[in-house]
Amino acid sequence: MLLIALLMDPPFASEMDMSGRDVATCQIDEEVTMAKGGNTILVSYISEEYGYDILVMSFDGGNSWSSIAYGPSYSGCWVGDPAVAVQPDNPNKIYFAGIEYCQGSGGSDDVRGEVWFCTCSAGSGCASGSSWSCTYVGQNDSWAYFKDKEWLLAMGGSRVLVNFTSNMYGDNNLFIYETTDDGSTWNPIGYLNIPSTVGYWAKSGSNVYMSYNDFSDINNWNIGVGFIYSTDGGSTWNSGGEVFFSIAGSQTTACPHDARPAKIHDHITASGNKVAISFTDDDCKANVARWQGTTPIGVSQISPSAGGSEQILPMLASYGNYIYAMWQGRTGDYGSCGSSPVGEWGTGWAASPDWGSTWDGPYRVSSRDYPFREDPSGHDYLGWLIDGGRLYAAWGNDFYTDDGGHVLFTYSSVVDVGEFVEGKAPFLVFYTRGGINIISRKPVRIYDVSGRLIESIPAGERFVNLNPGVYVLHSGDYSKKVILK
Amino acid sequence: MMLTIFMQIALMGQKHGAPKDLPANQWYYPVERVEVKKGSLRLEADAGKVFGEPVIFRGQCMNSEGVVLKKENCTIYYRTDITDVKGGILKFMVRGKGKFRISVYSPLGYTMKTITLKGEPVEVSIDLSKSIAITQHGSAGPLRIVFTPLENGKFVLEVSNFVLEQEE
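Residues numbered from 1 in each chain as written. Chains lettered and ligands numbered in written order. Predicted model: local features only at pLDDT ≥ 70, side-chain atom pairs only at ≥ 80, totals over all residues.

Trainee: Let's hear about the overall build of chain B: which residues, and what values?
Mentor: Along chain B, the regular secondary structure elements total 0 helices and 13 strands. Overall, chain B shows an N-to-C arrangement of helices and strands of β-β-β-β-β-β-β-β-β-β-β-β-β. Counting only contacts in chain B whose residues sit at least 6 apart along the sequence, the fraction spanning at least 24 positions is 73%. (Helix = DSSP H or I, 4+ residues; strand = E, 2+ residues; numbered from the N terminus. Contact = placed C-beta atoms within 7 Å.)

As structure tokens, this is what we get:
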């Protein structure tokens, strides 16, 4: 009930639909990711219905969107794990990658993969397939091995780092490759000598970071999450930090309802020389492990008493000493779709002003809870980043009203978020269709431009229906002008 | 804001043939760093539960420890076509010198053990029911047993045949 109370109203701007259609009943759009650079925003996801990785692109800051898709090139194969990147010195140059999976002959569990990698330098012209050139990362082994979970880090010019996990050398190891010519050729940088299956990138100044999970002590039911870092743009790497958490209680990487192995997750963010990695622990709660340089400074759950009984896919964004986390949390039972159990979930966020020592929230990102397919579950990650003072979010609403599940995109006004989290502002305002959403620690009075009191609201989260116009919000000695168009 | 989506489906990938299958029921190792010859270490069990033949590996690997990223592969693994793994115990004997991580991948997922060998034969038992999913694709395909040297320098690893004891 606490979660429902806290997540009563959406704090972010009105959600934009990145799917553009209702999906077929009991199917979903899944594995949502996002990248941004300048006015270029990329949102990508898997369309289970079409069997494609979909890329939705905006080159004007989100005012207009177009899309393109990558499909399997061989019958019996399928695509997944979409990843996107924007070249930081050229927002018209974008990258779209994923895994093309094929079934091996060793039974239904014998899944093989190759990492496909596509480049387009045409900006808005990337809506045309002819503007793209595509290759496979590293050597194309003709689907002899398992390859999975590639992530991209555009470094400027034509250089991109790519990591992925593969059993090319027996164990599942994380491999790093680089291209300096937009994917025409690839150089192996090395591989991590531990069993590891998920690694994300982070960049802060000239430092590059890669997270990893570590199953080298799973015999004792311990999973590690850690990072390595590079001070020369990814050519050479140093040990960073690592923490282990126990799954001895459950002896599984899955959560009670979400059937995916949620505990293999390890998203990373870095700011200055501080590093944070998020993961889902054995209580299925979102955690953050934090370092100053390579010195560990703490591990803690973000929101143990609210934000969902199961909290999966915690994603991090940061600037300065702030960390912002977003995850999907289970809020209750729902029913089923076909033979698949479906729970009720919401997408929430929390903010920390002191690099994860304390957290404010959770608050709502998704405007509503939504039925979420739990087995088979579809999602491995969410889109969450901070750029230009705004938080951007993208996620999948699996089944809205049991059908039409959409991939949604929204953004915040981070100037307000920063002031609110710092305690300088007693309330936080988000513009949405038909009014405003307010998160407040104190009562707030809303006046129109003539000074007439429109509404007094108590502390908490609330949607206030307002007509277009100019309003002034007061709380104590703090006031804020709001213009609704 | 009005959102307009222009949907274009483009098959940008390259056509290719069927997935390449590496031969099963044999050892894989980096031939440039590891020598292999027939071994003598045996573990007796019912015929239907035994697979593989004894082998001795001798190698020299200089970046097994103390490096963040490896370029030189020193891992030795036995790839099977066994897919009907329902739990049970995987047993084998090892003898040699050096520290190794033994990883076992199977349709049940992943489990592992670390051993240090000092010349005496050691029986290794791995409880496959302790396997967990470490990828989003659930299980890990046919049974695969992986030996990774964890110390720099020369190593010797003799591995017997394998015994997979499962409940009927």
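Right, picking up where we left off after that structure.
Trainee: Describe the overall build of chain A, listing the residues and the values that go with them.
Mentor: On a plain count of helices and strands, chain A comes out with 2 helices and 36 strands. Radius of gyration (C-alpha) of chain A: 22 Å, near the 23 Å computed for a compact globule of 485 residues. Dimensions of chain A, computed from C-alpha atoms along their principal axes, come out at roughly 70 × 50 × 50 Å. Per-residue burial for chain A yields a buried fraction of 58% across its 485 residues. (Rg over C-alpha atoms; globule rule 2.2 N^0.38 Å. Buried ≥ 20, exposed ≤ 12 C-beta atoms within 10 Å, placed from the backbone.)

Trainee: Got a sec to walk through the environment of A:G396? Specific residues and values, please.
Mentor: Residue and element names in this part refer to chain A. Structurally, G396 can be placed in strand β28 (residues 390-396). The class for G396 is buried, based on 29 C-beta atoms found within 10 Å. The spatial distance from the C-alpha of G396 to the C-alpha of I28 is 8.0 Å, given a sequence separation of 368 residues.

Trainee: Could you give me a rundown of the sheet that holds strand β1 (residues 16-17) of chain A, with the residues and numbers involved?
Mentor: Residue and element names in this part refer to chain A. Taken in spatial order, the 4 strands of this open sheet run β1-β29-β28-β27, and their pairing is antiparallel. The strands lining the two open edges of the sheet, one partner per strand, are β1 and β27 (383-387). Direction of pairing for β28 relative to strand β29 (residues 407-411): antiparallel, over a ladder of 5 bridges. Along β29, the bridge assignment pairs W395 with L408. (Pairing = 2+ DSSP bridges.)

Trainee: Can you explain unusual backbone geometry? Please cite residues and give values.
Mentor: All names here are of chain A. Omega for the bond connecting G361 with P362 falls within 30 degrees of zero, at 10°, which places this linkage in the cis form. Structurally, P362 is set in strand β25 (residues 360-364). The omega torsion of the bond from D375 to P376 falls at 0°, within 30 degrees of zero and hence cis. With respect to the secondary-structure elements, P376 resides in the loop between β26 (370-373) and β27.

Trainee: So, the nonpolar core: which residues are in play, and what are the values?
Mentor: All names here are of chain A. Membership of the largest hydrophobic core comes to 175 residues, with the highest contact counts inside it found for Y95, A325 and A394. If one sorts the elements of this core by residue count, strand β7 (residues 94-103) sits on top with 7 residues. The contacts of A394, once residues within four sequence positions are left out, are M18, V32, M34, V43, L382, G383, V407, L408 and F409. Y334, V342, F372 and F399 belong to the second-largest nonpolar core, a separate cluster that totals 6 residues. (Core = buried A, V, L, I, M, F, W, Y, C linked by C-beta atoms within 7 Å.)

Trainee: I'd like a rundown of the interface of chain A and chain B, residues and numbers included.
Mentor: The partner chain B presents 48 residues to the 66 residues of chain A that form the contact. In terms of residue class, the side of chain A that touches chain B is made up of 33 nonpolar, 24 polar and 9 charged. (Nonpolar A, V, L, I, M, F, W, Y, C, P; charged D, E, K, R; others polar.)

Trainee: How would you explain the pairing of strand β7 (residues 76-79) of chain B if you had to name every residue and give the values?
Mentor: Each regular strand carries side chains that alternate between the two faces of the sheet. Residue and element names in this part refer to chain B. Here β7 shows two buried faces, one formed by I76 and Y78 and the other by Y77 and R79. With 3 bridges connecting them, strand β2 (residues 26-28) and β7 associate as antiparallel partners. Paired with Y28 across the bridge in β7 is Y77. Where β7 meets strand β11 (residues 144-149), 4 bridges bridge the pair, whose relative direction is antiparallel. Residue Y78 lies in a different strand from β11, and its bridge partner there is I145.

Trainee: Please provide a residue-by-residue account of the sheet that holds strand β14 (residues 201-204) of chain A, values included.
Mentor: All names here are of chain A. The strand order β14-β15-β16-β17 describes an open sheet built from 4 strands, whose pairing is antiparallel. With partners counted over all chains shown, the strands left at the sheet margins are β14 and β17 (238-246), one partner each. Shown here is a sheet whose adjacent strand axes are inclined to one another by a mean of 25°, direction ignored. Direction of pairing for β14 relative to strand β15 (residues 207-217): antiparallel, over a ladder of 4 bridges. Residue pairing in the sheet places S204 in a bridge with N207 of β15. (Axes fitted to C-alpha atoms, helices over the stretch in contact; angles between N-to-C directions.)

Trainee: Can you tell me about the environment of A:V115, naming the residues and giving the values?
Mentor: All names here are of chain A. Looking at where V115 falls in the secondary structure, it is placed in strand β8 (residues 111-120). Distance from V115 to A127, taken between C-alpha atoms, is 22 Å for residues 12 residues apart in sequence. Non-local contacts of V115, meaning those with residues more than four positions away in its chain, are made with A97, I99, Y136, V137, K147, E150, V162 and F164.

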